[in-house]
Amino acid sequence: MFENIDTSLIDWSRAQFALTAMYHWLFVPLTLGLAVIMGLMETFYVTTGKEFWKNTAKFWMKLFGINFAVGVATGLILEFEFGTNWSNYSWFVGDIFGAPLAIEGILAFFMEATFIAVMFFGWNKVSKRFHLASTWLTGLGATISAWWILVANAWMQYPVGMAFNPETVRNEMVDFAAVALSPMAVAKFFHTVLSSWILGAVFVVGISCWYLLRNRQKEFALSSIKVAAAVGLFASLVTAWTGDISGVQVAKVQPMKMAAAEGLHDGGNGVPFTIVGDLKIPKMLSILATHDIDGYVPGINNLLEGGYQMPDGTTALSAEEKIKRGQIAIAALDAFRKAHKAGDEASAAVARKTLDENVKYFGYGYIKDPTHLVPNVELTFWSFRVMVGLGGYFILFFIIVLIVSKKEKLADMRWLQRVALWTIPLAYIGSQAGWVVAEVGRQPWAIQDMLPVGAAISKLQTGSVQLTFFIFLLLFTVLLFAEIGIMLKAIKKGPEGIKN
């Protein structure tokens, strides 16, 4: 089947999934970020008894609700695409990949759906503390939802806790804890969720500065800025720390992604980090990737040619050798299934032994050319720099906002208010750039070293994928503009019960 798949079908299937994922990620980080900020504001209301904090929390809650509704719509479509466009992937690893998504749907989604109703409609109908608990549980539900989705994604980056069953041609879960608590999953969760807090904080600071620019609701705006900037600075600093942890993980299990993100063609010991062009920091990449100033970091050519010593003491295989072993594994699987079907258990056992010896390289058997193992270096390289550069900018931004807010000078600094407003799109750009690094950087793999995207797709008519791509593009764009329009209307109206 895979021999007959048109490469344009692969490209259009990838494009459709990327479109859906990137639109969906416009809504998710704001949901996660606003959940924390509005939870803190309602906590201030319950502890102080001031109606001001209640009205402040209700305003940001309204924007949370608008964003949450649109995010759910795009998220449902994203999950359905695994079955429609990636049926081979779903068959091959559905026993593993489906488990965290099922838990997310059953536990986290229903938790959100239950408590969000109390949060929006329970004012003056339940006690203050119960309502506060509902607000925090709504945010916790969204965060738990992110946890299980990121566990699934992390498994695609670093597949663990499974065994290949040649009789069913499926990977089956043998260690749920290994999947749910893998180092990649833990690092990805904290890095992704905390970066979402940054976006939420930037959003609140920026919108609040819009009110200051128009001399409206100054107390509301300044109070919101102080809360959001504190959350944003904390999240920015911890995100940088989790980014360092993620970098070590990527260097260990996805070295080609690391090489592409750095644009490193020839590696070595004590490798410098390239900022841009010829501007480099000596030995910094080795420190970031291995936490050793003279640590060895392989480049793209090293990974293709092999021959270098890996951390476990073994010698790295060349790409050609991995492809050869992958082809042996695929042939052994075919021989095993034929022998097993014919009742020739002796031949089946021989084929099974060969398969077990080479199954680690199974996915490489579908690779036609070693150069196909290299992702889009330029896109990965610049996306990484956009992400890291904006991460540094956000730390500086929140420090400045907090300092001038503490000195009660922000209300008069119109240039900083404008900067804050225009920082909102930068937060979205940084968030999207992070996912570009994560997903483009691991190409051509749907599952790292196990299943390339060319073997993961459904056998569909290319035209049908093209048609649905443009339908989704139109639908998502309409939803996005509708959300922006509704939000702008709510923002222009302003918070209720707070004096101008």
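In this text the structure is predicted, and so the values were computed from the model without any measurement.

Engineer: When you look at the UniProt feature "transmembrane region" (unreviewed entry) in the chain in this model, what are you seeing that I'm missing?
Structural biologist: The UniProt record marks residues 22–47, 59–78, 98–123, 135–156, 189–213, 220–241, 382–404 and 469–491 with the feature "transmembrane region" (unreviewed entry), using the residue numbering of this structure. Secondary structure content for residues 469–491 is 100% helix and 0% strand, while the C-alpha to C-alpha distance between its ends is 32 Å.

Engineer: Looking at this model, I keep getting lost on the nonpolar core. Mind explaining?
Structural biologist: General note: in soluble globular proteins, nonpolar side chains tend to be found buried as a group. If you look at the biggest cluster of nonpolar residues, it comprises 124 residues, and the most contacted ones within it are Trp60, Leu63, Tyr89, Phe203, Val205 and Phe398. Counting residues domain by domain, this core receives three or more from each of domain 1 (7–252 + 378–493) and domain 2 (269–363). Counting 16 residues, the second-largest nonpolar core is a separate cluster that includes Met256, Leu303, Ala316 and Ile367.

Engineer: Help me understand helix H13 (residues 377–406) in this model?
Structural biologist: Residue pairs three or four apart in sequence face the same way in an α-helix, which turns once every 3.6 residues. Look at H13: 44 Å from first C-alpha to last across 30 residues, which is about the 44 Å you get at 1.5 Å a residue. Where H13 begins, the capping side chain belongs to Asn376, and its oxygen is found 3.4 Å from the backbone nitrogen of Glu378. Where H13 ends, the next residue or the one after it, Glu408, has phi of about 60°, a positive value.

Engineer: Even after reading the chapter, I still don't get empty space enclosed by the protein, so can you show me in this structure?
Structural biologist: The probe, sized like a water molecule, is rolled over the atoms to show the empty space still left. For the structure on display, the rule yields one cavity of 30 Å³ or more. When its volume is computed, the largest cavity comes out at roughly 30 Å³. Here the residues of the lining of the largest cavity sort into three nonpolar, one polar and three charged.

Engineer: Can you walk me through a nonpolar patch on the surface in this structure?
Structural biologist: Together, Ile275, Val276, Leu279, Ile281 and Trp382 give the surface a local cluster of nonpolar side chains, amounting to about 410 Å² of exposed area. Tracing the backbone shows Leu279 in strand E5 (residues 279–281).

Engineer: Would you mind showing me how to read unusual backbone geometry here?
Structural biologist: Trans peptide bonds make up most of the peptide bonds, and negative phi angles are found at most residues other than glycine. The step from Gln443 to Pro444 runs through a cis peptide bond, and the omega angle for that step is 15°. Backbone geometry places Asn124, a non-glycine residue, at a positive phi of 65°. Position of Asn124 among the secondary structure elements: in the loop between helix H3 (87–121) and helix H4 (128–157). Exposure remark for Asn124: the relative accessible area of 70% places this residue in the exposed category. Backbone geometry at Glu408 places phi at a positive 60°, although glycine is not the residue there.

Engineer: Hey, could you run me through the pairing of strand E4 (residues 273–276) in this one?
Structural biologist: Every other side chain in a regular strand lies on the same face of the sheet, so the side chains alternate between the two faces. Here E4 runs beside E5; their pairing, made up of three bridges, is antiparallel. The partner of Thr274 across the bridge, within E5, is Lys280. Hairpin connection, E4 to E5: the antiparallel pair is bridged by two residues, and Gly277 has positive phi, about 55°.

Engineer: Help me out: how do you make sense of the side chain of Ser458 in this one?
Structural biologist: Examined against the element boundaries, Ser458 turns out to sit in the loop between strand E8 (451–452) and helix H15 (462–493). Among the residues examined, Ser458 registers a relative accessible area of 4% and is labelled buried. For Ser458, the side chain forms a polar contact with the main-chain oxygen of Thr84, separated by 2.9 Å.

Engineer: I keep staring at the domain arrangement of the chain and nothing clicks. Help me out?
Structural biologist: The figure often quoted for interface size is the accessible area lost as the parts come together. Per the domain assignment, the segments making up the chain are domain 1 (7–252 + 378–493) and domain 2 (269–363). Computed over C-alpha atoms, the centres of domain 1 and domain 2 are 32 Å apart. Domain 1 puts 19 residues into the contact, and the matching count from domain 2 is 17 residues. Where domain 1 abuts domain 2, roughly 1,300 Å² becomes buried across the two surfaces, and 65% of that area is made up of carbon and sulfur atoms. At the surface where domain 1 touches domain 2, the tally comes to zero salt bridges. At the junction of domain 1 and domain 2, the tally comes to six residue pairs in polar contact (both at pLDDT 80 or more). Listing elements by their share of the side of domain 1 that touches domain 2, those giving two or more residues are helix H7 (218–253), H13 and E8. Residues belonging to the side of domain 1 that touches domain 2 are distributed by class as follows: 13 nonpolar, two polar and four charged.

Engineer: Looking at this structure, I do not really get the side chain of Glu483. What am I missing?
Structural biologist: Of note, Glu483 is situated in helix H15. Nearest to the buried, unbridged Glu483 among oppositely charged side chains is Lys62, at 14 Å. Setting aside its immediate chain neighbours within four residues, Glu483 contacts Phe27, Ile66, Asn67 and Val70.

Engineer: Is there a simple way to think about the pattern of salt bridges in this case?
Structural biologist: Side chains carrying opposite charge are able to pair once their charged atoms draw close together. Counted by the stated rule, this structure contains ten salt bridges. Among the salt bridges present, the one from Arg385 reaches Glu262, with a minimum N-O distance of 2.7 Å. Of the two residues, Arg385 is situated in helix H13 and Glu262 in helix H8 (residues 255–262); the sequence distance between them amounts to 123 residues. The exposure classification of Arg385 matches that of Glu262, with both residues buried. Lys283 is paired through a salt bridge with Asp294; the nearest N and O atoms lie 3.1 Å apart. Here Asp294 lies in the loop between helix H9 (284–290) and strand E6 (296–297) and Lys283 lies in the loop between E5 and H9, a separation of eleven residues in the sequence.

Engineer: Before we go on, may I ask you to explain a positive patch on the surface in this structure?
Structural biologist: A cluster of basic residues, Arg214, Lys218, Arg414, Arg418 and Lys492, forms a positive patch at the surface. Position of Arg418 relative to the elements: it lies in helix H14 (residues 414–440).

Engineer: Help me understand the packing of aromatic side chains, please; the structure alone is not making it clear to me.
Structural biologist: Pairs of aromatic rings are described using the distance from one ring centre to the other and the angle between the two planes. Enumeration according to the criterion identifies 39 aromatic pairs in this entry. Taken together, a centroid distance of 6.5 Å and an interplanar angle of 85° make the contact between Phe17 and Trp86 edge-to-face. Within this pair, whereas Phe17 is found in helix H1 (residues 7–48), its partner Trp86 is found in the loop between helix H2 (51–84) and H3, the two being separated by 69 residues in sequence. Relative to Phe68, the ring of Phe64 lies with its centre 5.8 Å away and its plane at 20°, an arrangement referred to as stacked. Of the two residues, Phe64 and Phe68 both sit in helix H2, four residues apart, roughly one turn of that helix. Summarising the burial analysis for this pair, Phe64 and Phe68 share the class buried. Three or more aromatic residues joined by ring pairs form one cluster here, namely Phe59, Trp60, Phe203, Trp210, Tyr211 and Phe220. Its end group placed over the ring of Trp91, Arg170 keeps NZ or CZ at 4.4 Å from the ring centre. Note that Arg352 overlies the ring of Phe336, its terminal NZ or CZ placed 6.0 Å from the centroid.

Engineer: Before we go on, may I ask you to explain the environment of Ile149 in this structure?
Structural biologist: Residue placement: Ile149 occurs in helix H4. Between the C-alpha atom of Ile149 and that of Ala102, which follows or precedes it by 47 residues, the distance is 9.7 Å. Beyond its immediate sequence surroundings of up to four residues, Ile149 is in contact with Leu101 and Glu104.

Rules used in this analysis
- Residues numbered from 1 in each chain as written.
- Predicted model: local features only at pLDDT ≥ 70, side-chain atom pairs only at ≥ 80, totals over all residues.
- Heavy atoms only, no water.
- UniProt positions renumbered as here; feature names shortened; annotations may be inferred.
- Helix = DSSP H or I, 4+ residues; strand = E, 2+ residues; numbered from the N terminus.
- Core = buried A, V, L, I, M, F, W, Y, C linked by side-chain atoms within 4.5 Å.
- Buried < 20%, exposed > 50% of the residue type's maximum accessible area, 1.4 Å probe, protein only.
- Domains from an automatic or database assignment.
- Expected span 1.5 Å × (residues − 1).
- Polar contact = N/O pair within 3.5 Å; in protein donor to acceptor, adjacent residues only side chain to side chain.
- 1 Å grid on protein atoms, 1.4 Å probe; cavity = no way out; pocket = protein on both sides within 12 Å on 5 of 7 lines; lining within 4 Å.
- Points joined across faces, edges and corners; volume = space filled by probe spheres on them.
- Nonpolar A, V, L, I, M, F, W, Y, C, P; charged D, E, K, R; others polar.
- Patch = residues over 30% accessible without salt bridge, like charges linked within 9 Å, V, L, I, M, F, W, Y side chains within 5 Å.
- Areas by Shrake-Rupley, 256 points an atom, 1.4 Å probe, with all protein chains shown as cover.
- Salt bridge = Lys/Arg side-chain N within 4 Å of Asp/Glu carboxyl O.
- Pairing = 2+ DSSP bridges.
- Contact = heavy atoms within 4.5 Å.
- Buried area = accessible area lost by both parts, 1.4 Å probe.
- Lys, Arg positive; Asp, Glu negative; His and termini not counted.
- Charge placed at Lys NZ, Arg CZ, Asp CG, Glu CD.
- Phe/Tyr/Trp six-rings, centres within 6.5 Å; stacked < 30°, edge-to-face > 60°.
- Lys NZ or Arg CZ within 6 Å of the ring centre and 35° of its normal.

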